[in-house]
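# Overview (structure and organization)
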Amino acid sequence: MRQQRQDSGTGRAAGTSIFTEMTELARATGSVNLGQGVPELDAPPTLLADVSAAVLAGHNQYPPAFGFPALREAIAAHQRAHYGLDLDPAAEVLVTSGATEALAAACLALTGAGDEIVTFDPAYDAYPAGARLSGARLVTVPLAIDGDGFQLDPDALRAALTPASRLLVLNSPHNPTGKVFTPDELVLIAEAACEHDLTVVTDEVYEHLVYDGARHVPIATLPGMRERTLTISSAGKTFNVTGWKVGWVSGPAALVAAVMSVKQWLTYASGTPYQEAIATALGGVADWAAGLRETLRGNRDLLAGGLRAAGLSHFRADAGYFLQADIRPWGFHDGLRFCRELPERAGVVAIPTSAFQQGVDTTPWLVRFSFCRREASLRDAVARLAALTP
Ligand SMILES: *Cc1c(COP(=O)(O)O)cnc(C)c1O
């Protein structure tokens, strides 16, 4: 048995989170902050202009609770154009306050005490938080290291599923590893979901940020999955506007209605001018995202080269914002210690991947570096690391 169980309520120790600690350390030491996944890149100028115009035109009151109609239509059109998924914008699309609200509302709507939420480890921290909120138990399936990447262990997935399993939270492209789940892995997950009658909640906020030959395939497009999948995405990562908190969830009407029943008491609705502007931007996302992918792929390669030149090896990142570095070549085994010492030694801040590990951590020597920064920041970081090469 390789999966680990975590009782709800026994989350990470209270107090300062590693993200707060490292951001504070970056400030205090004047370090280049490659810890947080906050993009330093520009948003599309027309999107910014459209939001300003909407604000000045007085579009500043509550939007409809399900979201601005033009945005729901744009989301449905996006899913059809990019993935061939047909959605009724009136019943199968819900706009949320970021992907985060959609995730929390889905956990609250669909699980409770006695239920299990299954996800892959390491995991984005909203998933254990969602389990804690709903009272469900989080069960994690460790991703296995395979050469220079991470892969699904089918035995570990099978072992994690029990009669109490309700929800499977899939994050592809994956934070923090940069993994894009392969078509074969998606088939395995889909088969397990059908066999165990699970609802799949899929976090696809990095859907447009895939590099090289990798391709993002929403699990909702697999046989038998449309009727049991809630697909979540967000404008934050796609358009470099993480502060706007406009996300969305789509899927069968009954599941979307269940999420809405919770969402209406969380925020009810939010971000009228942002929703209006994103409705327009989403139609042109293909061209925009092609340019953003080029920028981020270049950034990834720059950082990867810098890590290698500094004597650190790293894993493949086919998507997203992050590279996983192996710190053992520097004589470290503990990512937390490494990250606490790095700002003083090199003027660079990173985050120990252990912060994302919910179960037993078999890779405490992984450290996450983000490359969603301006090229100049990355060049600075790479030069600082090079100066330190032991
Ligand atoms: C950034 C991020 C989110 C948060 O999305 P918001 O739209 O800002 O709420 C959700 N999931 C993953 C995997 C992320 O990296």
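Calculation rules
- Residues numbered from 1 in each chain as written.
- Predicted model: local features only at pLDDT ≥ 70, side-chain atom pairs only at ≥ 80, totals over all residues.
- Heavy atoms only, no water.
- UniProt positions renumbered as here; feature names shortened; annotations may be inferred.
- Helix = DSSP H or I, 4+ residues; strand = E, 2+ residues; numbered from the N terminus.
- Buried < 20%, exposed > 50% of the residue type's maximum accessible area, 1.4 Å probe, protein only.
- Contact = heavy atoms within 4.5 Å.
- Patch = residues over 30% accessible without salt bridge, like charges linked within 9 Å, V, L, I, M, F, W, Y side chains within 5 Å.
- Areas by Shrake-Rupley, 256 points an atom, 1.4 Å probe, with all protein chains shown as cover.
- Salt bridge = Lys/Arg side-chain N within 4 Å of Asp/Glu carboxyl O.
- Near = heavy atom within 4 Å.
- Polar contact = N/O pair within 3.5 Å; in protein donor to acceptor, adjacent residues only side chain to side chain.
- Nonpolar A, V, L, I, M, F, W, Y, C, P; charged D, E, K, R; others polar.

### Observations concerning the UniProt feature "domain: Aminotransferase class I/classII large" (unreviewed entry) in the protein chain
When the UniProt feature table is mapped onto this chain numbering, "domain: Aminotransferase class I/classII large" (unreviewed entry) sits at residues 32–385. Along residues 32–385 the backbone is 42% helical and 18% strand, and the end-to-end C-alpha distance reaches 11 Å.

### Concerning the environment of A214
Of note, A214 is situated in the loop between β9 (199–203) and β10 (229–234). Overall, the relative accessible area of 23% leaves A214 in the partly exposed class. A sequence separation of 166 residues divides A214 from D380, and the C-alpha atoms of the two residues are 29 Å apart. Ignoring anything within four residues of it in the chain, the contact list for A214 reads V180 and D318.

### What about a nonpolar patch on the surface?
A cluster of nonpolar side chains, namely L108, L133 and L266, defines an oily patch on the protein surface of about 260 Å² accessible area. Looking at the secondary structure, you find L133 in helix α5 (residues 126–134).

### Remarks on the pattern of salt bridges
What the rule picks out here adds up to 22 salt bridges. Between D86 and R80 there is a salt bridge, with its nearest N and O atoms 2.8 Å apart. A relative accessible area of 48% places D86 in the partly exposed class. Residue classification places R80 among the partly exposed positions, given a relative accessible area of 41%. R328 is paired through a salt bridge with D326; the nearest N and O atoms lie 2.8 Å apart. Using a relative accessible area of 38% as the deciding quantity, one classes R328 as partly exposed. Among the residues examined, D326 registers a relative accessible area of 8% and is labelled buried.

### Remarks on the site of the ligand
Taken together, 13 residues lie near the ligand, and T100, D203, Y206, S234 and K237 sit nearest. Note that an oxygen atom of the ligand is positioned 2.7 Å from one of the side-chain N or O atoms of K245. Of all the elements, helix α4 (residues 98–110) adds the most residues to the shell around the ligand, at three residues. Here the shell around the ligand is built from residues that sort into five nonpolar, five polar and three charged.

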